[in-house]
Each structure stands twice: as C-alpha cells, then as structure tokens.
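One-letter residues, chain by chain:
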Amino acid sequence: MRRFLAASGITSFGVLLGIFAASQLAKNAPLRRDKLTFAYAKIPALALYFIAEDQGYFVEEGLELSAVPFATGREALAFAMAGNADLASVYQTPFLLEALSGKQVEAISALHTSSQGTGIVAMRSRGIRSPADLEGKRVAFVEGTNAEFFAVLFFQNLGIPLRKDRKVSSSLPYISTILQDGKADAISIWEPELSKLENSLGEDAIVFHSDVYIEMCLLAGQPVTLSQKRSALAKLLRGLHRAEAFLQNHLDTSLRIGGRALPHTPLETLRKTWETMHFAVGVDNLLFMTLEQEIDLLNRLKPANGKPLVASRLINASFLEESVPEAVTWLHNFGEVTDFK
Amino acid sequence: MKMGLSRKLLLPNFALIGILIFILFYLFFYLQDERQALLSTTATVKHQNGLLTEIQILRRLRLRAVLSYRLDPEESYLQTLHDLERAVTLKTQQLADSAQSPRQKTLLQRITESAKAIASSQDHLVKMIRDGDEEKVRLAFRRWSMHQRKGEAYFSDLTALTLKALDHNIALMDETRMTAFGVVGIGILVAAAMILLLWYVTQRQLVRPLLEMSATTKGIAKGDLSLRIRDRGRHDEIGNLAVNFNAMTESLAEARKALESSVAELSRSNGDLQQFAYISSHDLKEPLRMISIYSQILEKHSEELSEQARVALREVLGGARRMQTLIDDLLAYSRVSGSRENMHRVDLNQVLNTVKRDLKARLEESGARITAERLPIVEGHFTLLVQLLENLISNAIKFRGERDPVIKVSGREDSHRWILGIHDNGIGIKKEYWEKIFVIFQRLHTRNEYPGTGIGLSICKKIVERQNGQIWVESEPGKGTTFWISLPRTVAT
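The structure displayed is predicted, hence computed values, not measured ones.

**Quick word on the overall build of chain B**
Each helix and strand counted, chain B has 10 helices and 7 strands in total. Across the 493 residues that make up chain B, the buried fraction comes to 25%. Excluding contacts between residues fewer than 6 apart, the proportion of contacts in chain B whose partners are at least 24 apart in sequence is 72%.

**Quick notes on the sheet that holds strand E5 (residues 417-423) of chain B**
Residue and element names in this part refer to chain B. As summarised here, the arrangement of the 5 strands in space is E2-E4-E5-E7-E6, forming an open sheet in which the pairing is mixed. For this open sheet the edge positions go to strand E2 (369-372) and strand E6 (470-476), each flanked by a neighbour on one side alone. Each adjacent strand pair in this sheet contributes to an overall mean axis angle of 15°, direction not counted. Two elements, E6 and strand E7 (residues 480-488), share 7 bridges in a ladder whose sense is antiparallel. Bridge pairing in E7 links Trp472 to Trp484.

**Comments concerning unusual backbone geometry**
Omega for the peptide link from A:Glu191 to A:Pro192 comes to 5°, which places this bond in the cis form. As for its position among the elements, A:Pro192 is in the loop between strand E8 (186-190) and helix H8 (193-201). Not every positive phi belongs to a glycine, and B:Phe441 is a case in point at roughly 70°. With respect to the helices, strands and loops of the structure, B:Phe441 is situated in the loop between E5 and helix H10 (456-466). One non-glycine residue, B:Asn468, adopts positive backbone phi at about 65°.

**Observations concerning the confidence of the model for chain B**
For chain B, per-residue confidence averages 84 on the pLDDT scale, and 96% of positions sit at 70 or higher. Scored by ipTM, the complex comes to 0.80, with pTM at 0.62.

**Here we look at the sheet that holds strand E3 (residues 87-91) of chain A**
For sheets, the rule is that strands pair by backbone hydrogen bonds, running either parallel or antiparallel. Residue and element names in this part refer to chain A. A sheet is described by the order of its strands in space; here 6 strands give the open sequence E2-E1-E3-E10-E4-E11, paired in mixed fashion. Lying at the two open borders of the sheet, with one neighbouring strand each, are strand E2 (63-70) and strand E11 (277-282). Averaged over all adjacent pairs, the angle separating strand axes in this sheet is 25°, with direction ignored. Examined bridge by bridge, E3 and strand E10 (residues 215-221) share 4 bridges and lie antiparallel to one another. Following the sheet pairing, Tyr91 is matched in E10 by Cys217. Sheet contacts for helix H5 (residues 92-100): E3, strand E4 (106-114) and E10; angle to E3, the most-contacted strand, approximately 110°.

**A few points about the nonpolar core**
Within the largest apolar cluster, 140 residues are counted, with the highest numbers of intra-cluster contacts made by A:Leu48 and A:Ile187. When residues of this core are assigned to their parent elements, the largest contribution, 10 residues, is made by helix H3 (residues 102-131) of chain B. For A:Ile187, the contacting residues outside a window of four places in its chain are A:Ile120, A:Val121, A:Ala140, A:Phe141, A:Ile175, A:Ile178, A:Leu179 and A:Leu197. Residues B:Leu348, B:Val409, B:Ile463 and B:Leu487 belong to the second largest nonpolar core, which totals 35 residues.

What counts and how
- Residues numbered from 1 in each chain as written.
- Chains lettered and ligands numbered in written order.
- Predicted model: local features only at pLDDT ≥ 70, side-chain atom pairs only at ≥ 80, totals over all residues.
- Helix = DSSP H or I, 4+ residues; strand = E, 2+ residues; numbered from the N terminus.
- Buried ≥ 20, exposed ≤ 12 C-beta atoms within 10 Å, placed from the backbone.
- Contact = placed C-beta atoms within 7 Å.
- Pairing = 2+ DSSP bridges.
- Axes fitted to C-alpha atoms, helices over the stretch in contact; angles between N-to-C directions.
- pLDDT = per-residue confidence, 0-100.
- Core = buried A, V, L, I, M, F, W, Y, C linked by C-beta atoms within 7 Å.

Below is the structure:
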C-alpha cells in the first residue's frame, strides 16, 4: 500500500514538481555579477543614482559598480572618453560639444529633465532689474557646459547680442566669487550653485530663467565600450528605474539620501532644486528635440569641421529598450515634424 | 494504512476529475480576469488615441491660425485662435483625466504645463503682432514655436506610451495564451500520468491477481487440490478473496482426503459385507437343502409318524421354505450392490411388457389390471429395472384391498429427470411408515397377514439409487399407493 501511495504521489505530481523545481532553480540561480566603472558629477540631477546606490539596487541587480565622482559632467565625460570609465553622467551641452569635436559618443538614457536647473544670477546693485538690463553686461560661465548654452539661448531669445568680449570664462571653484570681485556682471550657473549664490547675495540677488530652455543629464559613453558592457548597463538602468519609484514614494527619505551624497548642499536648497527637476530614466522625444535644437544652435556658433551632427545618431535607445522598455517613448519619425521652423 | 481496492481504484479517478475541474475553473477565472483587464486597457488606449488625434488636429489648426494672423492681423483669427485654445485645453484635460500609469500621469502633467506655456507665449505673440515691431514679433514667434515644439515632443511621447500600452496588451495576450497553454499542457500531462497510474493499478491490483486466480481455479477444477493462490500480503478485497479461496481449497483437500479414506473403508467393508452375504446365503442353502430333502423323505413316511411328529414335520418344511425365500432375497439384494456398471439405453415400455409377461399367472389369478402411458427411454440396467417394476407391481397385487387391483404406470418429463409413477388401489400405507418401508427387513404386517421377507422395497430403493435416481411413496390408507421414481433424463423418448 505504501508503495502504491508513493507511486501515486510521484507519478501524479512528478511533472508539477519538476516544473516548479525548474522554475525555482532558475529563479534562485546566483546572479552573474557584472562590473562597471561610472564617472559622475556630484550634482542634484544625479538623484536617481544616489538613491539606487544607497538602497543597494545595483548590488541586488548583480552589478559591481565603481563610481568616480567629478564636479561637472564635462569632466566626467572626459574621464570616460579617455578610457578610464565605461559610462559618464553629463548634461547635453558638454555631450554635444564632445560629439561636435568629432569623438564617437552616444547617450543611452536621460536621468532628469529641467527648465529651471540653470539660470543667470546678477546683482541689483549693479543696476540690473530686468533681462533687458543685461545688454552690454559681462556674463561669466564655465565654458563648455550647459551654463554657456543657457547664456547664449537666453540672450538670443531676448534679441540681445552676447558679444565675445562680454563673455567671461571661469571655472567652478572660483565662479561664485566672480560677481563680488567685479570681474563679471552676471553669472550663468546651474543648481545648486545658483541657489547658493543667490543665498549668499541675499536681497541683492536677481535670478533670470528661460522658459524655453531645457536641460537634461544624460548617461553617455563611447559606443564601443558601451556595447561591451551591455549586461552591466542593463543592470544599472534597472537599478536607476527602481530608484525612480522610490523617489516618488519616499521623497523625504530620498532627500536625506541626496543630502548625504551632497554634503555641501543644504537640504532645503536641495529640496527646492529637486522641485524644479523631473527625474526619470528615459529616451523620449523631448531628448531628441533638445539635442536637435541645441545642435542647430551650436552648429551656428561653432560650425563642425567634419560631417554635421545628426541627433538621432547620438542616441542609442537599445540599452534602455532591453532593460526598461516602457521608458523608451522616442518616435524615430518625430524629427520630421518641422512645421515651426 | 489499509485501503480497499475500490478506494484504490477510485482515488486516481477522483484525483483526475479534481485536476480537470481545477484546470477548468482556473482557466475560466484567469481568462475572465485577463479579458476584463485587456478590455479595460484597450478601451482606455482607444479613448486616449482618439483624444490625441483630435488634439493634434486642433494644434495644427491653431498653428495655421497663428500664421494667418501673423500674415494678416485680422481680429477674427483671434476668435478662432481663442476657440481652438479652449478646445485644446478641454481635450488635454480629458486626456489628463484618463491617465493610468505613473509615467503617463507625469507626462500629462507636463503636457498641461506646456499647454499653459504655449497659451502664454501665444498671448505675447499676439500682443507683439498688434504692436507691429517686426523684430519683437520674430522673437515672440520663435519663443512660441519652441513651446509648440516642446509640446509636440510631449505629445509624441504620449503617443509612444499609448502604442506601448497596445504592445503591452498584445504581450499580455501572448502571456495569457502561453499561461493557458502551459496550464492545459500540465493538466494533460498530469491526466496522462493519472491514466497510466490507473492502468497500472488496475493491472497490478486487479487484472493480474484475477488471472492468477482463474488459472489456479482451473487447475483445482481439474483435480489438483495442491494448488494455491500466491499470498501477496494484501489486505484488501483481493487479498481477502485469495485468503478465503486458499482456505476453501485447503478444506476441500482435507474433505477429499477424508472422503477418499471413508470411501475406501466403506468400499472395503461393503465388499466384505457383500462377500459375507453371498457366501452366507450360498453356504446356508446347502444345509437347508439337506433339511428340505430329509424332511420331504420323512413326509413320504408320515403315516408312520405320530400326529405330533407330523405337525412338527410340517413346521420344519414351512420354515425351510421361508428360509429358502429369505436366502434368495438376500442374494438378490447383494447382487444389486455389484451392478453399477454397464448401463445402457433401456426402453421402459419393453421393461413393462417383460414384467407383464413374467407376472402373467399372478395377474390372472388376482384379476389385476395394468394400464400404462407411453414410457420414456432411460439410461440403466434392463434386468434391474425389470426387477424394480416386478417388485412394485407384485406389492400392488399382494397388498390389494377388497377390489380387484388396478395398477397404472405413468411417466412424465421434469426439468432434469424422468418421473415414473406406479399407482395402485390397494390398502395404502400410513404416512408415518413412508420412510420405514424402504428399510431392509422392515415389515408393517405379520407374516400370516401378508407373507414376505421385508427386503423387496429395500431392493427397489437400491436399484433406483444405483441408476442415480430416487424413490419415494405417497399413499392414503384404504385408497391406494403411488410409488414415485425419478431417473436422470439423459435420453429423449
């Protein structure tokens, strides 16, 4: 009888157990760990990275991440392009300038979008009350960054020429003091430096934004390197995507995480900055449009030596399509709509 | 744990039915839920797609209106522009209300913000056109265009999301299809396993033991009582049947052994008895014959004897005759015992005719009349059957009443046998003697009333039993007696 029962059990549920066991084995199979070196800028736009790292999402995904911090995305990208890192976080302007210089570079995802992440700070005591008062004034910025692009766009939309002799090139550690030193009348700068400067100037500060400006922090690197790190990049993108949900559901905790990652930025400043930013991994039409628009402007300012840049060739959505397909909403025929030009 | 065969066979059946019902319900509810989800998503996607198309058309019309106003600052264009703006805002709000995923909600929020920016830049543009400053119009138009383009990008993203939702639905359908396929596949596999199990259980638990029992039974039927069903240590119906069967066979073997021993003993004792009876009868005849001869010699000289001596001599002669009859009857009885073989087809009509011929003198003397129906042909000994009928008819004549004897011989067919009846109108027999009369030497009357040895009916009984038949009597004193004889029906008339 026991043999009969045993035979019944084994035969009846053997198939089910087999399938269940196979699925469990597949589920519990140890993750293959992938290594990735990531060069990033220590700026509020990297919120998703800070959260994912803090919450251990990369480790859970099976990614062994070596992160190398920089003050700006321009430096991070340069580090990656020199072959020291597989991937870098960088705003679109340094990214496009790198492409314009003839380097092979591509973006695999955006990390954030903002219209007010960069602005121009001026001092009321210098007679500046409105954008029109900036005509003929000296404007400082870190060259080759989004701040430069913002300044160009801002003055262009105002119909005010930004002459070469009015541009003051500076670097990040010193730019905050350039106004008080009298070397410039206005500074084009990004968050959180913008807020910090505004706070330090107090009532004397006046800030100008542009409603047509869009900035995006991108994940970019050399196509050859990226293609070799496909698996690791998929894990990175999945980790960042998970951080996106965490941020939406736990804003205060996320702020504390961001505060720990950016210890020199007051929490309130960070909150204010984040409120102007939209964080999401994605390759969408806005990214394409922004790149296309900026290429157009940069081409006019700094004509490329070789072939003209094509925005669609600078975006590789396949990485995100494989890991977070719902985040890819870029329609490849979007660029054909040119009614407004 | 003991489990009966019926349960063993039912268990896989119930399990199979259970699995199939589970699969059926699972698929029904699973597919039902999936269908509802798909219908809901598809409806939303359709609705959003419709709104997107309408908004795109409105936006293009708005663009045309702005361009027209720029070329020809006619106030009527402004009313058109105002109506278009209101329609776009309304449709955009409807679109925002239909948002489902967080990504879609965020995007629609940005579209709403973008719409406000477009409206604001549009107002500025209109103002600049009214002012007539061409440079400012150019800048305002550029700003408005950039907002339009940004809005366009958001709308394209939303379109892509909608398309992705459709793709997701298709993927969901594929997944559902694969799940259903998987569930049905697993169900079929399990059902097949259960059927195989059922077949195996039936073969092992039922068919094989029954075949074995059948073979054993066949062997036993052929006489080999040493055969037994193999003990498999089972405790179910089949196990019990095997145990009981073996116990029965054991009992049969023991019974047969005892029977064979008894038969041998009986046979030997019967043989001895027959031998004894035969030898005794035969040996007794010689001195009896001497007594009879010398008594007859003395009878010839009876005038020389006294009256007392003559009486004694008559008694000696009577006794010798009775002794002779007794010895003859005993010899006849013993001969019946040794006559079981060589049975043939015997026509009872011929038997009756022979009896009539043998008893002709007695029939005429007694005035007896014999009537008979058509009698059957039976399997038996002609001589013995003649003796049987002679004895019974002789008794009918002997035990007649005051009327002339009327004897009727009948024959009828029963299901398995022939029933013969010998009816008379004699003195009859009381019911309490119906059994006793067939016992040897049993007499119901004194020798003076009815002469005889009391062996006749015993011989009849023995003859009938040797023919594998039975004999019994029914009678009513004063009216008559019927002797019934049943014989095996092996040959038709």
